[in-house]
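What follows is each chain in one-letter form.
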Amino acid sequence: MEISSLGDRILNGERRALARAITLVESGRADHRAQAAELLAHLSGAGRQSLRIGLSGTPGVGKSTFIESFGMMLIGLGLRVAVLAVDPSSTRSGGSILGDKTRMERLSREKNAFIRPSPSQSHLGGVARRTREAIALCEASGFDVVLIETVGVGQSETVVSEMSDLFLLLLAPAGGDELQGVKRGIMEMADMILVNKADGDLKPTATRTCADYAGALRLLRKRPQDPEGFPKAMTVSAVEEHGLDKAWDEMQVLTKWRRDNGHWDTNRAAQAQYWFEQEVRSALLARLSTPQARFDMERFGAQVSAGQLSPSAAATDMLATLIAE
Ligand code: GDP
């Protein structure tokens, strides 16, 4: 199919065209990469923006349930919702499958929803690029909200928060006074902490956990991109669908404030620059792993270990060789 007509169908909001385009950006084939680049260039002129919401939480905290309930609520408000996933694990075994349609049954049947499970992959750098491109495709396709789901493991939160306008951390009620081992760096990324499962027997614990996190958030350094009262901790129940509307209201307060005060644009510009730098880094790393580069590394390495070249002189030569190749 002509790339321009695929682009027009995406602009028209056709979900099949969107799915097909995402398959294209997920492909590693050189000809597909070229077509994907052409498509994204074709679509970038549309200038449509979604609210990109990153959502992280450990397996079992209720991400799928939350996305289903929250997504259905947004659709009820007349919005179109896309769900993407960033899966940090190289294999699917063990953890829950992210963006799994079978776990979001109601949402997956909605014509105003689009759910895309994470592609099987190995390298987080490649996933980041594909997810950013998938977000761009969803935006061009006119989705109002793009939810980007990830599991709280290692680097994936940073990846997701660097492509989101809002970053939500979903937590479970926890007994005792430990803050569930949530790392400070992750707390600092969160715009809102949602303590899920605030229902039934778990409700008092959820309320206490929420108060603990609200206290912990107040101790963090104030960020320029936050109005008074943010980041915020709230309780929700994804199962009973409690607190979701209030959480959405708060997200809108925050988004409006950021838009009005220029932080929305500044943040997206800073993210674009961040990803540019990441792309340069990962392209350089990819160059280092070609057979020729590995051969050169070994050759220079042998000279260093034999005392014929200093490490820094060899590194300079190696880099010059790499650039010349
Ligand atoms: P995920 O692994 O983070 O996607 O978590 P799931 O959405 O699969 O939920 C894990 C378990 O927690 C399931 O048994 C859900 O039914 C349950 N769960 C999710 N949300 C709630 C909630 O709001 N309240 C209660 N009580 N259970 C919930």
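Residues numbered from 1 in each chain as written. Predicted model: local features only at pLDDT ≥ 70, side-chain atom pairs only at ≥ 80, totals over all residues. Heavy atoms only, no water.

Summed over the entire model, instances satisfying the criterion amount to four aromatic pairs. Ring geometry for F70 and W248: centres 6.0 Å apart, planes at 70 degrees, overall edge-to-face. On the criterion of sequence distance, the pair formed by F70 in helix α4 (residues 63-76) and W248 in helix α10 (residues 244-260) is long-range, its members being 178 residues apart. You'll find F70 and W248 in the same group, each marked buried. Aromatic side chains Y274 and W275 sit 4.9 Å apart centroid to centroid with 85 degrees between the ring planes, which places their arrangement in the edge-to-face category. Taking the relative accessible area as the measure of exposure, Y274 reaches 24% and is therefore partly exposed. When the ring centre of F143 is taken as reference, the NZ or CZ atom of R80 above it lies at 4.1 Å. (Phe/Tyr/Trp six-rings, centres within 6.5 Å; stacked < 30°, edge-to-face > 60°. Helix = DSSP H or I, 4+ residues; strand = E, 2+ residues; numbered from the N terminus. Buried < 20%, exposed > 50% of the residue type's maximum accessible area, 1.4 Å probe, protein only. Lys NZ or Arg CZ within 6 Å of the ring centre and 35° of its normal.)

The N-to-C vectors of helix α1 (residues 3-11) and helix α2 (residues 15-26) enclose an angle of 130 degrees; their axes lie 8 Å apart at closest approach. Relative to α2, α1 is oriented oblique. Note on packing geometry: the crossing formed by α1 with α2 is left-handed. For the pair α1 and α2, the contacting residues are I3, L6, R9 and I10 in the first and R16, A17, L18, R20, A21 and L24 in the second. (Axes fitted to C-alpha atoms, helices over the stretch in contact; angles between N-to-C directions. Parallel < 35°, antiparallel > 145°, perpendicular 65-115°, else oblique. Left-handed = near helix turned anticlockwise from the far one by under 90°. Contact = heavy atoms within 4.5 Å.)

Domain annotation of the chain identifies domain 1 (1-45), domain 2 (48-261) and domain 3 (288-324). Tallying the contact residues gives 16 residues for domain 1 and 19 residues for domain 2. Carbon and sulfur atoms supply 61% of the area that domain 1 and domain 2 bury against each other, a total of about 1,500 Å² over both sides. The largest contributions to the domain 1 side of the interface with domain 2 come from R15, L18 and E26, which together make up 38% of the buried area. Remark: the boundary between domain 1 and domain 2 carries two salt bridges. Taken together, the links from domain 1 to domain 2 amount to ten residue pairs in polar contact (both at pLDDT 80 or more). Secondary structure elements with two or more residues in the side of domain 1 that touches domain 2: α1, α2 and α3 (30-44). Considering each element in turn, the side of domain 1 that touches domain 2 owes the most residues, eight residues, to α2. Grouping the amino acids of the side of domain 1 that touches domain 2 by side-chain chemistry returns ten nonpolar, three polar and three charged. (Domains from an automatic or database assignment. Buried area = accessible area lost by both parts, 1.4 Å probe. Salt bridge = Lys/Arg side-chain N within 4 Å of Asp/Glu carboxyl O. Polar contact = N/O pair within 3.5 Å; in protein donor to acceptor, adjacent residues only side chain to side chain. Nonpolar A, V, L, I, M, F, W, Y, C, P; charged D, E, K, R; others polar.)

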